[in-house]
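# Structure assessment
Here is how the chains run, residue by residue.
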Amino acid sequence: MEKIVIKGGTPLNGTVQVSGAKNSALPLLFATLLADGESKICNVPALRDINTAVKLLRELGAEVASQDGRYRINTKKIQSIQAPYDLVKTMRASVLVLGPLLARFGQARVSLPGGCAIGARPINLHLKGLEALGARIHIDHGYIEATADKLRGAKISFDLPTVGGTENLLMAAALAEGETVLENAAREPEIVQLADALNSMGARIEGAGTAIIHIQGVSRLNPLECQVIPDRIEAGTFMIAAAITGGHVLVRGAVREDQQALISKLIEAGADIQPEADGLRVIGPKNVTSVDIRTSVFPGFPTDMQAQFMALMTVAGGTSRISETVFENRFMHVCELQRMGADIQIDGHSAIIRGTDQMTGAPVMATDLRASASLILAGLASENTTEVARIYHLDRGYEKIEEKLAALGADIWREQE
Ligand code: UD1
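Residues numbered from 1 in each chain as written. Predicted model: local features only at pLDDT ≥ 70, side-chain atom pairs only at ≥ 80, totals over all residues. Heavy atoms only, no water.

We now examine the sheet that holds strand 24 (residues 411-416). Read across the open sheet, the 4 strands follow the order 22-23-1-24; overall the sheet is mixed. The sheet is open, and its two borders are formed by strand 22 (363-365) and strand 24, each paired with just one other strand. Between one strand and the next, the sheet's axes are offset by a mean angle of 25°, whatever the strand orientation. Both strand 1 (residues 2-7) and strand 23 (residues 385-389) contribute to a ladder of 4 bridges, which runs antiparallel. Paired with K7 across the two strands is T385, which belongs to strand 23. (Pairing = 2+ DSSP bridges. Helix = DSSP H or I, 4+ residues; strand = E, 2+ residues; numbered from the N terminus. Axes fitted to C-alpha atoms, helices over the stretch in contact; angles between N-to-C directions.)

Set out below in C-alpha cells:
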C-alpha cells in the first residue's frame with residue numbers, strides 16, 4: 001500500500017494544469033454504448049475510476065484502446081448487458097450504463113451499488129424515471145433487471161436534482177420514442193457536456209444547464225467524438241491549495257463560470273482571484289478569514305469541495321460553520337483533521353470550525369475521495385510531516401496530485417507504507 005508524505009509550510013508558486021473531469025469522462029464513456037461503431041474521446045484523465053469504467057465497457061463486449069488520454073471505444077460487438085457487482089461496488093457511477101443499455105438493447109442487468117462512505121446514495125430516482133419511460137424494473141439477487149420493448153418519452157419531475165439520475169435519463173430518453181421532459185433536472189457543467197455530446201451524436205436535447213430539459217427521441221445515434229472538459233473539482237482543490245499556503249498559483253483550465261460559488265467564498269476568505277485567458281490566478285491571503293458555507297446543487301457550493309474548504313477553515317482566524325445539505329454523512333474527514341490539531345465540532349449536518357495557527361502534521365487516513373484531498377491540503381499548511389494512508393481513494397479522482405503539487409514547490413511525495 002502506498003501513502004503520501006507532506007512536509008508542509010511552503011507557499012505554492014507557479015502554474016498547474018487541470019486534467020479532464022472525472023465526472024464528465026465517466027458518463028461520456030458510457031454514452032458510447034448508445035451508438036454502434038467507434039467513438040473517440042480525448043482529454044480523459046488517468047484515474048482508477050476511468051480504469052473501472054473501461055473494465056466495465058470491456059466486460060460488456062466493447063473494444064477499448066487508449067493512448068495519452070485519447071480513448072477509442074468500439075461498441076459494435078456488445079454481447080453482455082450486465083454490470084457485475086465487483087465493478088459497481090468499486091465505482092457507483094457504473095449505474096450509468098443502465099440508461100444506455102436499456103435504450104439501445106431493451107434490457108440491462110446492473111448490480112445495485114449498496115451503501116457508500118458519504119451516505120446512503122439510493123438510485124430510486126434513476127429507476128422511477130426509467131419506469132416513466134416504460135421500462136419494467138425489478139430487483140433480483142441484488143441486481144436491477146430492467147427491460148423495455150421500446151422506451152417512450154414522458155414527463156419526469158425529479159424529487160430532487162440528481163446528477164447521475166439526470167444523466168441516465170438523458171441517455172435513455174435520447175433514443176426513446178417521442179418527447180421527454182425532465183423537470184428539476186441537475187444543472188452541473190457535466191450535464192451540459194453530456195447533452196452537447198449526445199447532440200453531436202444526433203440527439204435532440206434542449207435546455208441542459210437549466211432545470212427543465214426537453215429531449216426529442218431519435219431512432220439512432222452516431223458514434224461520439226469529443227474532448228472532456230477540465231475538472232472543476234480538481235481545479236478548485238488547487239485554488240484552495242494556493243489559498244491555504246499563502247501562495248500564488250495560476251490554475252490553468254479553471255473556468256470562472258463553473259467556479260462562481262467557490263470564487264466568492266475564497267474572496268471572502270481573503271484570497272485574490274484574477275481571471276486570465278486560460279484559467280484563474282489565485283493569490284492566497286496572509287491571514288485566512290473564517291467564512292460560512294452551505295453545500296447545494298450547482299450553481300451552489302459543491303459538496304465535492306466541502307472537505308477541502310474545511311481544511312482551509314481550520315487555519316482561519318475566527319469561527320466558521322460548514323453545512324452539508326447534499327449527502328448525510330460527509331464529515332468523515334473531521335476526525336482525521338482533528339488528529340492534526342483542528343478544532344471542529346459536529347452539530348447535526350453542520351461542522352463548527354474554530355481556526356487555529358497550530359495545525360501539526362500527523363499520520364492520517366483517507367476515508368473517501370475528497371476527504372483525501374482535504375488531508376493533503378491540511379498537510380500543506382502544517383509545519384511538520386503528515387502521512388496520508390489509504391490513498392487508493394485519492395487515485396480514483398486526482399491525476400498525479402502529488403507530482404502537480406511538487407511542481408508548485410510543495411514538499412510532497414508518494415512512498416510505500
Ligand atoms: C454526482 C457526482 C459526485 C457528486 C454528486 C453531487 C459523478 C460520477 N458523481 O454523484 O461526485 O458528489 O453528484 O454533486 O458525477 N439521490 C436520491 N435518489 C437518487 C439519486 C440521488 O435520493 O435516485 C440523492 C443522493 O443520495 C444525494 C443527492 O440525491 O443525497 C444527490 O445525489 P446525485 O446528484 O445523484 O449524486 P451522484 O450522481 O451519485
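By secondary structure assignment, the location of H333 is in helix 11 (residues 333-339). Of the residues examined, H333 reaches a relative accessible area of 2% and is grouped as buried. Apart from the residues lying within four places of it in its own chain, the contact partners of H333 are Q306, A307, M310, T367, A371, S374 and L375. (Buried < 20%, exposed > 50% of the residue type's maximum accessible area, 1.4 Å probe, protein only. Contact = heavy atoms within 4.5 Å.)

Right, let's get into the pairing of strand 17 (residues 279-283). Of all 5 residues in strand 17, 4 are buried, a share of seventy percent or more. Relative to strand 17, strand 15 (residues 248-252) is paired through 5 bridges, and the arrangement is antiparallel. From the neighbouring strand, R252 faces strand 17, where its bridge partner is G279. Where strand 16 (residues 272-276) and strand 17 come together, 5 bridges link them in antiparallel fashion. Counted as the bridge partner of I273 is V282 from strand 17.

Another point: the nonpolar core. Counting residues in each nonpolar core, the largest one holds 77 residues, and the members touching the most others are L170 and L198. Beyond its immediate sequence surroundings of up to four residues, L198 is in contact with A31, L34, L170, M171, A203, I205 and L221. (Core = buried A, V, L, I, M, F, W, Y, C linked by side-chain atoms within 4.5 Å.)

Let's shift gears to the site of the ligand. Not every one of the 17 residues close to the ligand is listed here, only the nearest: N124, L125, T162, D304 and V326. Interatomic distance of 2.7 Å between a backbone N/O atom of L125 and an oxygen atom of the ligand. T162 has a polar side-chain atom sitting 2.7 Å from an oxygen atom of the ligand. In the complex, 83% of the free accessible area of the ligand, which totals 740 Å², lies under the protein chains. Of all the elements in the fold, those that place two or more residues in the shell around the ligand are helix 5 (124-132) and helix 6 (163-174). The element contributing the most residues to the shell around the ligand is helix 5, with 3 residues. (Near = heavy atom within 4 Å. Polar contact = N/O pair within 3.5 Å; in protein donor to acceptor, adjacent residues only side chain to side chain. Areas by Shrake-Rupley, 256 points an atom, 1.4 Å probe, with all protein chains shown as cover.)

Taken domain by domain, the chain comprises domain 1 (2-19 + 231-416) and domain 2 (22-227). Distance between the C-alpha centres of domain 1 and domain 2: 30 Å. If you look at the interface, domain 1 gives 23 residues, while domain 2 gives 18 residues. Approximately 1800 Å² of surface area, both sides summed, lies buried where domain 1 meets domain 2, with 53% of it carried by carbon and sulfur atoms. By the criterion of area lost to domain 2, the three top residues of domain 1 are F298, R396 and E399, representing 32% of everything that side buries. Summed over the shared surface of domain 1 and domain 2, the number is 2 salt bridges. Where R232 meets E190, a salt bridge forms, and the shortest distance between an N and an O atom there is 2.8 Å. (Domains from an automatic or database assignment. Buried area = accessible area lost by both parts, 1.4 Å probe. Salt bridge = Lys/Arg side-chain N within 4 Å of Asp/Glu carboxyl O.)

What follows is about the sheet that holds strand 13 (residues 213-216). Strands belonging to one sheet form pairs held by backbone hydrogen bonds; the direction of such a pair is parallel or antiparallel. Here we have 4 strands laid out as an open sheet, ordered 10-11-13-12, and mixed in their pairing. The open sheet has two edge strands with one neighbour each: strand 10 (155-157) and strand 12 (204-206). Put simply, the sheet's adjacent strands are angled 15° from each other on average, direction ignored. When strand 12 meets strand 13, the two strands line up antiparallel, connected through 3 bridges. Directly across from E206, in strand 13, lies its bridge partner H214. Of the strands in this sheet, strand 10, strand 11 (179-183), strand 12 and strand 13 are in contact with helix 6, which crosses strand 13 at around 25°.

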